[in-house]
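Here is how the chains run, residue by residue.
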Amino acid sequence: MSKILTGLQPTGAITLGNYIGAIKQMKELQDNYESYIFVANMHAITIPQDSEELRSNTRNLIALYLACGIDPNKNTIFLQSENPYHANLSWVLECNSYFGELSRMTQFKDKSSKNANFTVGLFTYPVLMASDILLYDIDYVPVGVDQKQHVELTRDLAERFNNKYGDTFKVPEPLITKSGTKILDLVNPSIKMSKSSENKKGVIFLLDDLEVARKKIMSATTDSECVIKYDMENKPGISNLINIYVSLTGKTIEETENEFTGKNYGEFKRCVADVVVDFLSDIQEKYRSYLNSTIIEEILDNGKNITINEAKIKYDLVKMRIGLTR
Ligand code: ATP
Ligand code: LTN
């Protein structure tokens, strides 16, 4: 059976963009793939975090995975920091990565330009991500399109290592949602919807109060044309709402355009808001029940054992290949 793996950072409240880009794909694929999903808490500390907040965000993210339909019987669910082989392999791969190639990573350029005091961890972040993937012989990595470049780097590092030291790593492929959807900020649809956005009005959080979420959709930026048509370039606001609607209902873009022919933006937004609110309300109910149960501890203990055993085998092979053994 082919294997898939993804991770999200516990850097704040999870957004609808995170759900559509990564979690939803995992949920849809979990029946047909051997699936791994983890909390990338070591990636989170590439920018400063409050330790108590990080701890609670981490637990909340596991509860959210479960609430979103990630089935613990079909997925290995784990915390990145509980498996030391991620950092171990990352060091080895760093010694096989070039300063130039890491300098070209768009996420690094974006995030480092926002804060002059950025850490070295922010720079080597993609190499840790490559280790997350390469430890487990992963075939596909479901991510939003913004992470595609990191998976491509992972492929380069795997191929480079294999060529230099002999076949060691499986070369993975990114799995981007069918339409390549990047969910955009509702207020400023020229940027992606991001959990670290300053203007929270443009971001739907999975744990948003339902009425607040409805208002955010109703006040989303559109255009003056009053035609509900998918055109990412000229009508990004409306196209983004179509993407959200399509992702949550399973309808196609064409079906959606037909459904709303002749309707005005207010009517369309009301329907999108209804779909979003129903979706959030279902998730939030499940989330509360998982958060208060002991199941999270059991799941993480299990995930820790499974992944440490598996990763050790790969890391031992790596050490042997490069001469780090006696
Ligand atoms: P941050 O603002 O801290 O960078 P983020 O919202 O970009 O956070 P990540 O934890 O970096 O979230 O990403 C988690 C997953 O969600 C990744 O696979 C990423 O590609 C995907 N993702 C993030 N934002 C979007 C979006 N707007 N649309 C689609 N997928 C997204
Ligand atoms: N960088 C990713 C999180 C992440 C990840 C991974 C995703 C860390 N390691 C391995 C897929 C596979 C992000 O969401 N920003």
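Residues numbered from 1 in each chain as written. Chains lettered and ligands numbered in written order. Predicted model: local features only at pLDDT ≥ 70, side-chain atom pairs only at ≥ 80, totals over all residues. Heavy atoms only, no water.

**A few points about the site of ligand 1**
(1) Moving on: Taken together, 20 residues are adjacent to ligand 1, and D146, K192, S194, K195 and S196 come closest.
(2) Moving on: At 2.4 Å from an oxygen atom of ligand 1 is found a side-chain nitrogen or oxygen belonging to K192.
(3) Moving on: If one sorts the elements of the shell around ligand 1 by residue count, helix α1 (residues 16-29) sits on top with 4 residues. (Near = heavy atom within 4 Å. Polar contact = N/O pair within 3.5 Å; in protein donor to acceptor, adjacent residues only side chain to side chain. Helix = DSSP H or I, 4+ residues; strand = E, 2+ residues; numbered from the N terminus.)

**With respect to the side chain of D185**
(1) Moving on: Structurally, D185 is set in the loop between β5 (173-175) and α9 (210-218).
(2) Moving on: There is no salt bridge for the buried D185, and the closest opposite charge comes from K200, which lies 9.0 Å off by N-O distance.
(3) Moving on: At a separation of 2.8 Å, a polar atom in the side chain of D185 contacts the main-chain amide nitrogen of N188. (Buried < 20%, exposed > 50% of the residue type's maximum accessible area, 1.4 Å probe, protein only. Lys, Arg positive; Asp, Glu negative; His and termini not counted. Salt bridge = Lys/Arg side-chain N within 4 Å of Asp/Glu carboxyl O.)

**Details of the pairing of strand β2 (residues 34-39)**
(1) Moving on: Counting buried positions along β2 gives 5 out of 6 residues, so the element sits mostly inside the fold.
(2) Moving on: Two strands pair when backbone bridges link them, and strand β1 (residues 3-8) and β2 are joined in this way by 6 bridges, in the parallel orientation. Residue pairing in the sheet places K3 in a bridge with E34 of β2.
(3) Moving on: Inspection of the sheet shows β2 paired to strand β3 (residues 75-79) by 5 bridges, in the parallel sense. Directly across from F38, in β3, lies its bridge partner F78. (Pairing = 2+ DSSP bridges.)

**Quick look at the pattern of salt bridges**
(1) Moving on: The full count for this structure, using the stated rule, is 19 salt bridges.
(2) Moving on: For K216, the salt bridge goes to D208, with nearest N and O atoms at 2.7 Å.
(3) Moving on: Judged by relative accessible area, K216 falls into the buried class, the value being 9%.
(4) Moving on: With relative accessibility at 10%, the residue D208 sits in the buried group.

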